[in-house]
Amino acid sequence: MLAQFLTITLINTFTWFGGQGYCAYDFAALESGEELTDISLTLRPKFDPANTATGNTELPDETITFNRLGGSADSAGNTAKIETDCNVEGFDIVAATGTADGDAVDLIAAGRVEIDTYKPITLKIGE
């Protein structure tokens, strides 16, 4: 049975320039409760078609997958990366599925997906 207070938290942790207008976006996914397997999250890039770094006016949805999250401390988190246009302004999660206790679960309908925005702290040398 799905516990209502346990969710997958998806965080964009870093963005890397890949060249020719493409960037790699790193994500961390965390699940501190029950084990979920065969997780698939489909992200739709938010962008201005008239202002892309690649010159493409259409960008495809990107899918990140995880074999397992949660259930124990060693599988509570995982990372994934996608590559798309550098001028992406964010992502919408348009589909999210997984398996819990052998049953397929629509993670969005179950309220099991959260997005968090990573904000790094300021570091200084000296002083």
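Here we summarise the structure given alongside this text. (Residues numbered from 1 in each chain as written. Predicted model: local features only at pLDDT ≥ 70, side-chain atom pairs only at ≥ 80, totals over all residues. Heavy atoms only, no water.)

## Some details on the overall build of the protein chain
Link 1 in the chain: Regarding its fold elements, the protein chain presents zero helices and eight strands.
Link 2 in the chain: Order of helices (α) and strands (β) in the protein chain, N terminus to C terminus: β-β-β-β-β-β-β-β.
Link 3 in the chain: Across its three principal axes, the protein chain shows a C-alpha extent of roughly 50 × 45 × 20 Å.
Link 4 in the chain: The buried share of the protein chain, reckoned over its 127 residues, is 38%.
Link 5 in the chain: Taking all contacts inside the protein chain whose residues are at least 6 apart in sequence as the whole, residues at least 24 apart take part in 66%.
Link 6 in the chain: With the model as given, the accessible surface of the protein chain reaches about 7,800 Å², and the carbon-plus-sulfur share is 50%. (Helix = DSSP H or I, 4+ residues; strand = E, 2+ residues; numbered from the N terminus. Buried < 20%, exposed > 50% of the residue type's maximum accessible area, 1.4 Å probe, protein only. Contact = heavy atoms within 4.5 Å. Areas by Shrake-Rupley, 256 points an atom, 1.4 Å probe, with all protein chains shown as cover.)

## A word on the state of the cysteines
Link 1 in the chain: The final tally for this structure, using the stated rule, is one disulfide.
Link 2 in the chain: Note on cysteine connectivity: C23 is disulfide-linked to C86, with sulfurs 1.9 Å apart. Judged by the sign of its S-S torsion, about 100 degrees, the bond between C23 and C86 is right-handed. With a gap of 63 residues between them, C23 in strand β2 (residues 22-30) and C86 in the loop between β5 (77-85) and β6 (90-100) connect regions that are remote in the sequence.
Link 3 in the chain: Classification of C23 as buried rests on a relative accessible area of 7%. (Disulfide = S-S within 2.5 Å.)

## Considering the sheet that holds β5
Link 1 in the chain: The strand order across the open sheet formed by four strands is β5-β2-β1-β8, and the pairing between neighbours is mixed. The open sheet terminates on both sides in strands that have one partner only, identified here as β5 and β8 (113-117). Averaged over all pairs of adjacent strands, the angle between strand axes in this sheet comes to 30 degrees, irrespective of strand direction.
Link 2 in the chain: Note that strand β1 (residues 8-19) and β2 share nine bridges and pair antiparallel. Residue pairing for β2: T15 is matched across the bridge by Y25. (Pairing = 2+ DSSP bridges. Axes fitted to C-alpha atoms, helices over the stretch in contact; angles between N-to-C directions.)

## Some remarks on the sheet that holds strand β4 (residues 62-69)
Link 1 in the chain: The antiparallel open sheet is built from four strands, whose spatial order is β4-β3-β6-β7. Looking along the sheet, the strands with just one partner apiece sit at the ends: β4 and β7 (103-106). Sheet twist, expressed as the average angle between the axes of neighbouring strands with direction ignored, equals 20 degrees.
Link 2 in the chain: Here strand β3 (residues 36-46) pairs with β4 via seven bridges, running antiparallel. If you follow L41 over to β4, its bridge partner there is I64.

## Here we look at unusual backbone geometry
Link 1 in the chain: In this structure, Q20 takes a positive phi of about 55 degrees despite not being glycine.
Link 2 in the chain: Within the fold, Q20 resides in the loop between β1 and β2.
Link 3 in the chain: Owing to a relative accessible area of 74%, Q20 belongs among the exposed residues under this scheme.
Link 4 in the chain: Of note, the phi angle at D101 is positive, near 55 degrees, even though the residue is not glycine.
Link 5 in the chain: Among the secondary structure elements, D101 is positioned in the loop between β6 and β7.

Scope: geometric values only; no functional claims are made or implied.
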